[in-house]
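Here is what each chain is made of, one letter per residue.
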Amino acid sequence: MSHSPHAMGPLFAGPIYHVYPLGLLGAPRRHPRTADPVAPEKSANVQAVAQWIPHLRELGVEAVLFGPIFSSQSHGYDTLDLYRIDSRLGTNEDFATLSAELHREGISVLLDAVFNHVGRGFFAFQDVLDRRENSPYRNWFSGLRFDRPGPACDGVDYATWDGHGELVKLNVDEAEARSYVLNAVARWIDEFDIDGLRLDAADVIDPTLWPNIRTVVDTHYRSHRPFGRGRFWLNGEMVHGDYASICGPQGLDGTTNYEVYKGLYSSHNDANYHEIAHSLQRQFAAGGIYRGLRLLSFADNHDVPRIASTLTDPRHLYPLHVLLFTIPGTPAIYYGSEVGVPGVKGDDDWPLRPELHPHTLRDSGAHPDLQTAIAQLSAVRHALPDLADTEYAPLSVDDRQIVFRRTTTVVAVNAADQEAYVGIPAGAYRDALNGDEPITGASDVPIPPLWGRVLVPQS
């Protein structure tokens, strides 16, 4: 697939390649300010991601989504400063250089934006700990009180994210705190020329923030794209609830689709394609509750077990990815999962976030041939506008087979380990996934085992 700089649509067809830089690059697990002084220090620099560009191009990647890269205490979500790249990854200049190199290759740059909470080492919270009621930042944090011990038993209590005392909830309703966040977004566009944001913990942030962010990104993005680059991508992390509740023309373009994430693996593990079929119909078919939204589809990410460790039958990696690339939504590939890198949670999430190198990647997972299949699926997706559209119509489903239509393209997926026969609407087709093989619609069209067909109507 060929790219031209800044030529892709603003709401990406995909795939998006999701990396967790602190893990990918083997950075120290704690910021030098908070690290154990006797622990050996490693060096990392975000510019090393440029070594992955040939691999990204081979996969047909349209954008790279960077997990948290700004100064933090440990895992990236306990922010110290939203205006500086984490020193464990280099400098602002290093990331600007990387961003420019990715853009020259026609690959867009997306950032993980953490606006719901900060770390206890965040400069404004440190001032609160020092000056307490006299701090000019006392209104920057939700639930701030000085009349009880608090999570650290230091006489300062505050709201947290999900009960984690090291994550202090920002009060984005406060004018100065909101300005700090909005100014950070503007600086990222101006300094790093980014194309979009994944908004962490979007479901627990005051949704009145979204129109403010939309105004800022549209204004600054247009100044960097005078020839109509299009809409800046805003996608919110949302696990449960109504995804549509935080989306709209003046808000987010979409959210993470955790419902489909769950259905992708459990439909294979349980030999029950009816589950994923039900979710897709509920979300995207006629009358679907998310019809028209651009949700982010994924098989795994930095917070959940890797798909190679989740599937009970690893051969299902192949039909699962056929689904991932052909259902509505933008597909995302978590770094390393394209070769079946394993990973399950231990005492923390670091086993999901390993250090990897592009030149040894094929030896890092048990399924090196999977990346060839993903590259093939990516090429098909880019060649067929139907697959990047939001139209979806179910045709048939069985325990291990599913057939659906994407505008005019018909997709059939077979999770069984033997050839299966399914009904396809009458007509002449070419199979874009299997060498443009000619197929005639009938009640008994063969579908290859553990694979699928993507059928394009022929006039």
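Just so you know, these numbers come straight off a predicted model, no measurement behind them.

Let's talk about the packing of helix 7 (residues 258–269) against helix 10 (residues 317–326)
- Helix 10 packs onto helix 7 with a crossing angle of 145 degrees between their chain directions and a minimal axis gap of 10 Å. At the point where helix 7 passes helix 10, the crossing takes the right-handed sense. Counted together, Leu 264, Tyr 265 and His 268 of helix 7 and Pro 319, Leu 320, Leu 323 and Leu 324 of helix 10 form the full contact between these two elements.

Regarding the nonpolar core
- Core analysis: the biggest nonpolar cluster contains 136 residues, and Phe 66, Phe 95, Phe 115, Phe 141, Trp 188, Leu 197 and Leu 199 have the highest contact counts within it.
- Setting aside its immediate chain neighbours within four residues, Leu 197 contacts Leu 111, Ala 113, Val 185, Trp 188, Phe 232, Trp 233, Leu 234 and Asn 235.
- Counting residues in hydrophobic clusters, the runner-up holds 10 residues, among them Ala 412, Ile 439, Ile 447 and Leu 455.

Structural notes on the pattern of salt bridges
- Per the stated rule, a full pass over the model turns up 27 salt bridges.
- In this structure, Asp 349 and Lys 345 form a salt bridge, with 3.4 Å as the shortest nitrogen-oxygen distance.

Quick word on the sheet that holds strand 5 (residues 108–113)
- Spatial strand order, 11-10-9-5-2-1-13-12: 8 strands in an open sheet with parallel pairing. The sheet is open, and its two borders are formed by strand 11 (254–255) and strand 12 (296–298), each paired with just one other strand.
- Looking at chain direction, strand 10 (residues 233–236) and strand 11 are connected through 2 bridges and run parallel. Paired with Gly 236 across the bridge in strand 11 is Thr 255.

What counts and what doesn't
Residues numbered from 1 in each chain as written. Predicted model: local features only at pLDDT ≥ 70, side-chain atom pairs only at ≥ 80, totals over all residues. Heavy atoms only, no water. Axes fitted to C-alpha atoms, helices over the stretch in contact; angles between N-to-C directions. Helix = DSSP H or I, 4+ residues; strand = E, 2+ residues; numbered from the N terminus. Left-handed = near helix turned anticlockwise from the far one by under 90°. Contact = heavy atoms within 4.5 Å. Core = buried A, V, L, I, M, F, W, Y, C linked by side-chain atoms within 4.5 Å. Buried < 20%, exposed > 50% of the residue type's maximum accessible area, 1.4 Å probe, protein only. Salt bridge = Lys/Arg side-chain N within 4 Å of Asp/Glu carboxyl O. Pairing = 2+ DSSP bridges.

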